[in-house]
Amino acid sequence: MAPKAVIVGPPGSGKSTIGKRLARALDLPFFDTDAAVEVETGRTIAQIFVEDGEPAFRAIEERIVRKAVESSEGIVSLGGGSILSERTRALLKGHTVIYLEISVAEGLKRTRGNTVRPLLADGDPRQKYTELLRVRGTLYEEVSSIRIRTDGRSPSRVVKNLVSKLTE
């Protein structure tokens, strides 16, 4: 079994929103790895970061991503930092991976005031988001087979474009 597609991208790019709508449009199940981490641990991602640290969170995330990619037949949305794992990037080879691209300005607009994103919570949000994209951008590109910009585009327009790419 393999997912129809895996969605990656930075915070605010629309992974959950686009993923749910894409799954519905294709009549497939949807699996969100961030939501699965919270269900499995009984804690929010922010709590895991504070209580156990990022390395502990990433270990849980990696295990859940592996299980999802190996067992889901639908659309799988990964947490924004999941591609930092070399094992996860290797796991994604050969799969249809959609990279939802977003600009720093749009990402900041969409994540402003969001306290559930621990890596964006403190300090200068613009500097943090810019650095996040600098570190992760090439990794998203490395794993992706489809890239689509979400800036200024409605979720329905993005989904329509992706449906045509996935069914051609």
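Residues numbered from 1 in each chain as written. Predicted model: local features only at pLDDT ≥ 70, side-chain atom pairs only at ≥ 80, totals over all residues. Heavy atoms only, no water.

1. Things to note about the overall build of the chain
Next, step 1: For the chain, the count of helices and strands is eight helices and five strands.
Next, step 2: Put simply, the chain runs from its N terminus to its C terminus through helices and strands in the order β-α-β-α-α-α-β-α-β-α-α-β-α.
Next, step 3: Radius of gyration (C-alpha) of the chain: 15 Å, near the 15 Å computed for a compact globule of 168 residues.
Next, step 4: With the C-alpha coordinates aligned to their principal axes, the bounding extent of the chain is approximately 45 × 35 × 25 Å.
Next, step 5: Expressed as a percentage of the 168 residues in the chain, the buried residues total 48%.
Next, step 6: A separation threshold of at least 6 residues defines the contact pool for the chain, and within that pool the share at least 24 residues apart is 73%.
Next, step 7: Total accessible area on the chain is roughly 8,500 Å²; 50% of this is exposed by carbon and sulfur atoms.
Next, step 8: Looking at charge distribution, the chain has the averaged site of its 27 positive side-chain charges lying 6 Å from that of its 22 negative ones. (Helix = DSSP H or I, 4+ residues; strand = E, 2+ residues; numbered from the N terminus. Rg over C-alpha atoms; globule rule 2.2 N^0.38 Å. Buried < 20%, exposed > 50% of the residue type's maximum accessible area, 1.4 Å probe, protein only. Contact = heavy atoms within 4.5 Å. Areas by Shrake-Rupley, 256 points an atom, 1.4 Å probe, with all protein chains shown as cover. Lys, Arg positive; Asp, Glu negative; His and termini not counted. Charge placed at Lys NZ, Arg CZ, Asp CG, Glu CD.)

2. Looking at the sheet that holds strand E1 (residues 5-8)
Next, step 1: The parallel open sheet is built from five strands, whose spatial order is E2-E3-E1-E4-E5. Two strands lie at the open edges of the sheet, namely strand E2 (30-32) and strand E5 (146-149), each paired on one side alone. Strand-to-strand twist in this sheet, taken as the mean axis angle between neighbours without regard to direction, amounts to 20°.
Next, step 2: Taken together, the three bridges between E1 and strand E4 (residues 97-101) define a ladder with parallel strand orientation. (Pairing = 2+ DSSP bridges. Axes fitted to C-alpha atoms, helices over the stretch in contact; angles between N-to-C directions.)

3. Topic: unusual backbone geometry
Next, step 1: One non-glycine residue with positive phi stands out, namely Asp 27, at about 55°.
Next, step 2: Asp 27 sits in the exposed class, given a relative accessible area of 73%.

4. A look at the pairing of E5
Next, step 1: Residues of E5 alternate between two faces, with Ile 146 and Ile 148 buried on one and Arg 147 and Arg 149 left unburied on the opposite face.
Next, step 2: Of the strand pairs in this sheet, E4 and E5 are connected by four bridges, and their pairing is parallel. Within E5, the position partnered with Leu 100 by the bridge is Ile 148.

5. Points about helix H3 (residues 45-52)
Next, step 1: Listed in full, the buried residues belonging to H3 are Ile 45, Ile 48 and Phe 49. Seen end-on, H3 carries its buried residues on one side only, within an arc spanning 100°.
Next, step 2: Contacts from the buried residues of H3 go to helix H2 (33-41) and helix H4 (54-71).
Next, step 3: Trailing H3 by a residue or two, Gly 53 shows a phi angle of about 95°, which is positive. (Arc of directions from axis to C-beta.)

6. Quick notes on the pairing of E1
Next, step 1: Covered by surrounding structure in E1 are Ala 5 and Ile 7 together with Val 6 and Val 8, the residues of both alternating faces.
Next, step 2: By the bridge criterion, three bridges tie E1 to strand E3 (residues 75-77) in an arrangement that is parallel. When the sheet's bridge partners are listed, Ile 7 is paired in E3 with Ser 77.

7. Side note on the environment of Ser 16
Next, step 1: With respect to the secondary-structure elements, Ser 16 resides in helix H1 (residues 15-26).
Next, step 2: Each C-alpha atom, one on Ser 16 and one on Thr 138, is 21 Å from the other, the two residues being 122 residues apart in sequence.
Next, step 3: Excluding residues that lie within four positions of it along the chain, Ser 16 makes contacts with Phe 30, Asp 32 and Ser 77.
Next, step 4: At 2.6 Å, the side chain of Ser 16 and the side chain of Asp 32 are in polar contact. (Polar contact = N/O pair within 3.5 Å; in protein donor to acceptor, adjacent residues only side chain to side chain.)

8. Re the pattern of salt bridges
If the charged atoms of two oppositely charged side chains come close together, the side chains can form a pair.
Next, step 1: Taken as a whole and judged by the stated rule, the model has twelve salt bridges.
Next, step 2: Glu 51 is the partner of Arg 43 in a salt bridge, and the nearest nitrogen-oxygen pair spans 2.6 Å.
Next, step 3: Glu 51 sits in the partly exposed class, given a relative accessible area of 47%.
Next, step 4: As a salt-bridge pair, Arg 87 and Glu 62 come within 2.7 Å of each other at their nearest N and O atoms. Of the two residues, Arg 87 is situated in helix H5 (residues 86-92) and Glu 62 in helix H4; the sequence distance between them amounts to 25 residues.
Next, step 5: A residue is classified by how much of its surface remains accessible, and Arg 87, at 54% relative accessible area, is exposed. (Salt bridge = Lys/Arg side-chain N within 4 Å of Asp/Glu carboxyl O.)

So far we have only geometry, and geometry alone does not tell us how the molecule works.
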